[in-house]
Amino acid sequence: MGKGGATKDSNAWKSLQRFDAFPKVNEDFFQRTLSGGVITLLALGVMCVLFFSELRLYLTVNTDYELSVDSSRGEQMRINLDVSFPNMPCSVISLDVMDVSGDQELDVSHHIMKRRLSAKGTPISPGEKEDVNSNKMDPEEVKKRNEKKDGKDEGNVTATDDASVAEIKCGSCYGSEQTPEQCCNSCEEVRESYRLKGWAFSDPEHITLCQDEGFSENLKLQSENKEGCSIYGYLDVNKVAGNFHFAPGKSFQHGNMHVHDLMPFHTNKFDMSHTIKKLSFGADFPGVVNPLDNVKRHMSGDAGMYQYFLKVVPTVFEAKGSTRFGSQKTTSTNQFSVTDHFKSVDAGEGAYLPGVFFFYDLSPIKITMTERLKTFTSFLTSVFAIVGGAFAVSAIIDSFVFHGGKALRKKIDLGKQG
């Protein structure tokens, strides 16, 4: 029984030999030739070149582009900026933002920093915000403390209260108060109150707070020292057409007009030369090109107006994760194109405002960029095709060379015999 079972197993395994697609030939019947060796080496070289080429394609990330109509509504857009003015002090220049929906923000300071620069362009102070409300007091608190000061709560006032009341001051806003309780305890607060009132801050010399702080003297000193200013940060704006601009003087609304007050500077010379270190609409992504990065403009003349017209294109970038089989990471951002124009102006006439203006408009077309990676199975398929194809082609070439050479030698032998 044992021998019979072993015989059946052996016959079963031998029956599999009929499926052998690679029949073996006795080595005694092999004939190796010089041409066959050369062709084999060439085939191996071709296979190596094609393999590494396919490997490079496998590791390369391809990007597909798709155009569609931008149907987003009610969104906001972030503008990242870093602009330096080598010949404009920080106390002179301001940043305003407005759009076609009617929203506007004058003298932006929420996420914008200003850093003073020396005449050589090196920072002489850390970046700081302009916070004109830092010294303002709560009106109700002022009212209560003034009542204490007038003796209405004399019975409850301690020695400490008397000292604190003595230190409390509510400075005049020189007629620009919005409420009876409003206080102005610095020249900058008076200047801001004038702006909110829509008044020109034309004569700081007659305002005691400005005299005490040396407002005019500081402006003159910064001008003589040829200070510059670096303005950087970001803006969150409505996703509609609009503009933002850097211009000298505080801005205010005079009726339907947007006006900048240049009278405190007592000059018509405003050098708006600038360097745009960074300007982008949204987050950066691999391969993005911001055409205004590191752009420099040098102005000649007393004053000028730089205008940049930007066409913003909504963009969605879908990137693969950290692994080849990871999930997609989607970034909603924007790209833009630009044209620019310069115009010399006379600040004294008031017809044109010197400054740097960025007018942006939104494209209705959205671009979706999707990174595409080649799968490992397709890579293996290509490798097998390379190996099989190279061996098949080399075998055909070897066959032609071998039989052609054999026929040629036969003809030569026949010729010799004839």
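Quick note: structure is the one above.
Undergrad: Which residues make up the overall build of the protein chain, and what values do they have?
TA: Looking only at helices and strands, the protein chain features eight helices and 15 strands. Put simply, of all contacts in the protein chain between residues at least 6 apart along the chain, 72% involve residues at least 24 apart. When the accessible surface of the protein chain is summed, it comes to about 25,700 Å², and 56% of that surface belongs to carbon and sulfur atoms.

Undergrad: I'd like to hear about the nonpolar core, residue by residue, with values.
TA: If you look at the biggest cluster of nonpolar residues, it comprises 44 residues, and the most contacted ones within it are Leu-235, Phe-244, Phe-246, Phe-358 and Tyr-360. Looking at this core, the elements that each hand over two or more residues are strand 2 (76-85), strand 3 (93-99), strand 6 (228-238), strand 7 (242-248), strand 10 (274-281), strand 12 (304-319) and strand 14 (355-362). For Tyr-360, the contacting residues outside a window of four places in its chain are Met-77, Ile-79, Met-98, Val-237, Val-240, Ala-241, Gly-242, Asn-243, Phe-244, Phe-281, Leu-310 and Val-312.

Undergrad: With reference to specific residues and values, describe unusual backbone geometry.
TA: Unlike most non-glycine residues, Asn-294 shows phi in positive territory, near 65 degrees. Looking at the element boundaries, Asn-294 is found in the loop between strand 10 and strand 11 (295-297). On the basis of relative accessibility, which here comes to 61%, the residue Asn-294 falls in the exposed class.

Undergrad: Summarise the packing of aromatic side chains; cite the residues concerned and give the values.
TA: Evaluated as defined, the whole model comprises 17 aromatic pairs. When the centroid spacing of 6.2 Å and the interplanar angle of 50 degrees are considered together, the rings of Phe-51 and Phe-379 count as tilted. A residue pair is termed long-range when its members are at least 10 positions apart, and Phe-51 in helix 2 (residues 34-59) and Phe-379 in helix 8 (residues 376-417) qualify at 328 residues. Phe-379 sits in the buried class, given a relative accessible area of 7%. With 4.8 Å between their ring centres and 25 degrees between their planes, Tyr-58 and Phe-379 make a pair best called stacked. With Tyr-58 in helix 2 and Phe-379 in helix 8, the pair connects residues that are 321 residues apart, well separated along the chain. Among the residues examined, Tyr-58 registers a relative accessible area of 11% and is labelled buried.

Undergrad: Which residues make up helix 2, and what values go with them?
TA: Compared with the 38 Å implied by 1.5 Å per residue over 26 residues, the 38 Å span of helix 2 between its first and last C-alpha is a close match. Of the positions making up helix 2, those classed as buried are Gly-36, Ile-39, Ala-43, Met-47, Glu-54 and Tyr-58.

Undergrad: Tell me about the environment of Asn-62, and name the residues and values.
TA: Summarising the element assignment, Asn-62 is placed in strand 1 (residues 62-69). When its relative accessible area of 32% is taken as the criterion, Asn-62 is described as partly exposed. Each residue touching Asn-62, except ones within four places of it in the same chain, is listed here: Thr-370, Glu-371 and Arg-372.

Undergrad: So what's going on with the pattern of salt bridges? Which residues, and what values?
TA: Evaluation of the coordinates by the stated rule reveals 10 salt bridges. Across the pair Lys-374 and Glu-54 runs a salt bridge whose closest N-O atoms are separated by 2.0 Å. Residue Lys-374 is found in the loop between strand 15 (365-372) and helix 8, and its partner Glu-54 is found in helix 2; the two are separated by 320 residues along the sequence. Using a relative accessible area of 11% as the deciding quantity, one classes Glu-54 as buried. The residue Asp-70 makes a salt bridge to Lys-239 at a minimum N-O spacing of 3.8 Å.

Undergrad: Break down the sheet that holds strand 5 (residues 112-117) for me, citing the residues and quoting the values.
TA: Overall, antiparallel pairing links the five strands, which are arranged 5-6-2-10-11 in an open sheet. Pairing within the sheet leaves two strands with one partner each, and these edge strands are strand 5 and strand 11. Across the sheet, the mean angle from the axis of one strand to that of its neighbour is 20 degrees, orientation sign disregarded. Bridge count for strand 5 against strand 6 is six bridges, and the pairing is antiparallel. Residue pairing for strand 6: Leu-117 is matched across the bridge by Gly-228.

What counts and what doesn't
- Residues numbered from 1 in each chain as written.
- Predicted model: local features only at pLDDT ≥ 70, side-chain atom pairs only at ≥ 80, totals over all residues.
- Heavy atoms only, no water.
- Helix = DSSP H or I, 4+ residues; strand = E, 2+ residues; numbered from the N terminus.
- Contact = heavy atoms within 4.5 Å.
- Areas by Shrake-Rupley, 256 points an atom, 1.4 Å probe, with all protein chains shown as cover.
- Core = buried A, V, L, I, M, F, W, Y, C linked by side-chain atoms within 4.5 Å.
- Buried < 20%, exposed > 50% of the residue type's maximum accessible area, 1.4 Å probe, protein only.
- Phe/Tyr/Trp six-rings, centres within 6.5 Å; stacked < 30°, edge-to-face > 60°.
- Expected span 1.5 Å × (residues − 1).
- Salt bridge = Lys/Arg side-chain N within 4 Å of Asp/Glu carboxyl O.
- Pairing = 2+ DSSP bridges.
- Axes fitted to C-alpha atoms, helices over the stretch in contact; angles between N-to-C directions.

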